[in-house]
Amino acid sequence: MTDSTTQTPLGRDLMARLDEAARHSRPGPGVTRLFCSDEHRAVLEPIADWMRQAGLTPELDASGNLVGRNARAMAGEKSLIMGSHQDTVAEGGKYDGMLGVALPLQALQALKEDGIELPYGIEVVAFGDEEGTRFQSTLIGSRALAGTFDPASLEARDAEGVSLGEALETFGSNPRNIPHLARRPESVIGFVEVHIEQGPVLEQRDQAVGVVTALTGIERHRMCVRGKAGHAGTTPMPGRRDALVGAAEMVVEADRILNATQDFVGVVGKLEVRPNAVNVIPAEVNFTLELRSPVAAVRKQGRQGILDACQRLAQARGLELSSEPTYQAEAVACAEWLIEALEGACEECGEPAERMFSGAGHDGLAMHDLTDIGMLFVRCKDGLSHHPDEAISIEDADRATRVLMRFLTNLGSQACGRN
């Protein structure tokens, strides 16, 4: 019997690289690699080596991105930007982000070895921070390239009190030069990212890849429910102003509305109780509410429904409720010409690839302010992500790499004439 890996050499080599990158992690389950950490510094060495093997020259930029450019890009020719992020959530998986760094480099190396020279500039970027795990400030590197980086972000501090600006300087980057990283829109063909789906749709369709039409809009709120503390044994049940009971009802009602609304997802991911004592009626509960939809009107209508319902529940129990928006990013559409180009590459490679939207945010949310964006999803086992058991197959890694190779070879005549 023939070993299946002999039929999928690109997938085999790509998976080996992803395994190598995953070794650069804090001890513990899964992969934990934070922005400007020792693990981040260590993973740059293999990524830089992959860039050189693909014919690119690597450079660490002022925002902590590792950027590889081919000769045409370095000469100032119009360029296609590809890439994704190197950072992870705590105890995350091997493939979220890193697949989108390693796969285009594998594809470019294979084209180089086949003697194919692309007639346009190429940049592949290992963005330093997308998850926001360390500084709670996301898309730092992609905002820098897009020219939308907020210098106030440099004051954000991690759990040890280290500021983002201090971390970048220690890392070897010069944050004062971030404004100079902004690319000129006329110099960019577009931005394309390969990413695991982080959901079950491709697995349900039995398809290796999918073409993304839009990246979801995201908003987050901090909710505070205030009641009145009291002795848990001597205060009668009727008339209690239990903030936790009220908050629990709000969580359930938010879940009900989310389940009843198409193209609308969300989560209450964090909850804090005060005084958090075994025999005291909770006086205050703070919880987070995150809402996502690719359709702005759906998200806004759903948000209002949830907030109104929470207010009614609070009043019914004599509680006070306040809410504060903490983050918002509108949905962005992928460019139709890039969608069609990715679809064409899938078709030529014999890969069915239906269109789908992304329920997660990606670096494309920021890059959309600079240029047209496109995205290729790769099937992941059980739709699982942000988890140590995150997995893709060697076969799917191979098939996705071949799709991107076809996309790149087809792109010259299609993209270089675009203004």
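Here the structure is shown first, and the text comes after it.
Please read these numbers as outputs of a predicted model, since none were measured by experiment.

Trainee: Break down the nonpolar core for me, citing the residues and quoting the values.
Mentor: If you look at the biggest cluster of nonpolar residues, it comprises 96 residues, and the most contacted ones within it are Ile47, Leu80, Ile122, Phe407 and Leu408. If one sorts the elements of this core by residue count, helix α4 (residues 99-113) sits on top with nine residues. When neighbours within four sequence positions are excluded, Ile47 is seen to be in contact with Leu66, Met98, Val101, Leu105 and Ala126. Formed by 20 residues, the second largest nonpolar core is a distinct cluster that contains Ala254, Ile257, Phe287 and Leu291.

Trainee: Describe empty space enclosed by the protein, and please don't skip the residues or the numbers.
Mentor: Inspection of the entire model under this criterion finds one cavity of 30 Å³ or more. Tallied by class, residues from the lining of the largest cavity come to five nonpolar, two polar and three charged.

Trainee: Go over the packing of helix α1 (residues 9-22) against α4 with me, naming the residues and quoting the values.
Mentor: At a minimum axis distance of 10 Å, the contact between α1 and α4 shows a crossing angle of 140 degrees. Comparing their axes, α4 and α1 come out oblique. The handedness of the crossing between α1 and α4 comes out as right-handed. On α4, the residues that touch Leu10, Asp13, Leu14, Arg17 and Leu18 of α1 are Leu99, Ala102, Leu103, Leu105, Gln106, Gln109 and Ala110.

Trainee: So what's going on with the layout of surface pockets? Residues and values would help.
Mentor: Estimates place the volume of the second largest pocket at around 240 Å³. In terms of lining, the second largest pocket is formed by 13 residues, of which the most central are Ala54, Asn70, Ile116, Glu117 and Leu118. A per-element tally of the lining of the second largest pocket places α4 first, with three residues. Split by residue class, the lining of the second largest pocket holds eight nonpolar, two polar and three charged.

Trainee: Please set out unusual backbone geometry residue by residue, giving values where relevant.
Mentor: Of note, the amide linkage connecting Arg274 to Pro275 takes the cis form, showing an omega dihedral of 5 degrees. By the element assignment, Pro275 lies in the loop between β9 (271-274) and β10 (284-293). Here Glu91, not a glycine, exhibits a phi torsion of approximately 55 degrees, which is positive. Here Glu91 is to be found in the loop between β3 (79-85) and α4. Of note in this structure, Asn276 is not a glycine but carries a positive phi near 60 degrees.

Trainee: So what's going on with the packing of aromatic side chains? Which residues, and what values?
Mentor: For the structure on display, the rule yields two aromatic pairs. With 6.5 Å between their ring centres and 85 degrees between their planes, Phe35 and Phe135 make a pair best called edge-to-face. Here Phe135 lies in the loop between β4 (121-127) and α5 (140-146) and Phe35 lies in the loop between α1 and α2 (38-53), a separation of 100 residues in the sequence. Between Phe127 and Phe191, the aromatic rings sit 6.1 Å apart at their centres with planes inclined by 65 degrees, giving edge-to-face as the arrangement. Taken together, the residues span a long stretch of sequence, with Phe127 in strand β4 and Phe191 in strand β5 (residues 188-196) at a distance of 64 residues. Note on accessibility: Phe127 and Phe191 belong to one class, buried. For the cation-ring pair, Arg220 lies above Tyr327, with the distance from its terminal atom to the ring centre recorded as 4.9 Å.

Trainee: Requested: an account of the pairing of β3, with residues and values cited.
Mentor: In terms of burial, β3 is a largely internal element, seven of the seven residues being buried. Running through α4, the crossover from β3 to the neighbouring parallel element β4 is right-handed. Two elements, β3 and β5, share four bridges in a ladder whose sense is parallel. Within the sheet, the bridge partner assigned to Ile81 lies in β5 and is Phe191.

Trainee: Pulling in residues and values, what's your account of the side chain of Glu131?
Mentor: Looking at where Glu131 falls in the secondary structure, it is placed in the loop between β4 and α5. Within the buried core, Glu131 has no salt-bridge partner, and the shortest N-O distance to an opposite charge, that of Arg220, equals 7.5 Å. In this view, Glu131 contacts His85, Asp87, Thr88, Val89, Asp96, Thr138 and His386; residues no more than four positions away in its chain are not counted.

Trainee: Can you lay out the pattern of salt bridges for me, pointing to particular residues and giving the numbers?
Mentor: In this structure the tally under the stated criterion is 30 salt bridges. Salt-bridge contacts for Glu117 lead to Arg72; the nearest nitrogen and oxygen are separated by 3.5 Å. You can see Glu117 sitting in the loop between α4 and β4 and its partner Arg72 sitting in helix α3 (residues 71-74), a full 45 residues away along the chain. Linking Glu219 and Arg299 is a salt bridge whose minimum nitrogen-to-oxygen distance equals 2.7 Å. Of this pair, Glu219 sits in strand β7 (residues 217-226) while Arg299 sits in helix α9 (residues 296-316); the two residues are 80 residues apart in sequence, bridging distant segments of the chain. When its relative accessible area of 0% is taken as the criterion, Arg299 is described as buried. Taken together, the shared-partner salt bridges connect Asp206, Glu351, Arg379, Asp396 and Arg399 into one network.

What counts and what doesn't
- Residues numbered from 1 in each chain as written.
- Predicted model: local features only at pLDDT ≥ 70, side-chain atom pairs only at ≥ 80, totals over all residues.
- Heavy atoms only, no water.
- Core = buried A, V, L, I, M, F, W, Y, C linked by side-chain atoms within 4.5 Å.
- Buried < 20%, exposed > 50% of the residue type's maximum accessible area, 1.4 Å probe, protein only.
- Helix = DSSP H or I, 4+ residues; strand = E, 2+ residues; numbered from the N terminus.
- Contact = heavy atoms within 4.5 Å.
- 1 Å grid on protein atoms, 1.4 Å probe; cavity = no way out; pocket = protein on both sides within 12 Å on 5 of 7 lines; lining within 4 Å.
- Points joined across faces, edges and corners; volume = space filled by probe spheres on them.
- Nonpolar A, V, L, I, M, F, W, Y, C, P; charged D, E, K, R; others polar.
- Axes fitted to C-alpha atoms, helices over the stretch in contact; angles between N-to-C directions.
- Parallel < 35°, antiparallel > 145°, perpendicular 65-115°, else oblique.
- Left-handed = near helix turned anticlockwise from the far one by under 90°.
- Phe/Tyr/Trp six-rings, centres within 6.5 Å; stacked < 30°, edge-to-face > 60°.
- Lys NZ or Arg CZ within 6 Å of the ring centre and 35° of its normal.
- Right-handed = clockwise from strand over helix to strand, strands pointing away.
- Pairing = 2+ DSSP bridges.
- Lys, Arg positive; Asp, Glu negative; His and termini not counted.
- Salt bridge = Lys/Arg side-chain N within 4 Å of Asp/Glu carboxyl O.

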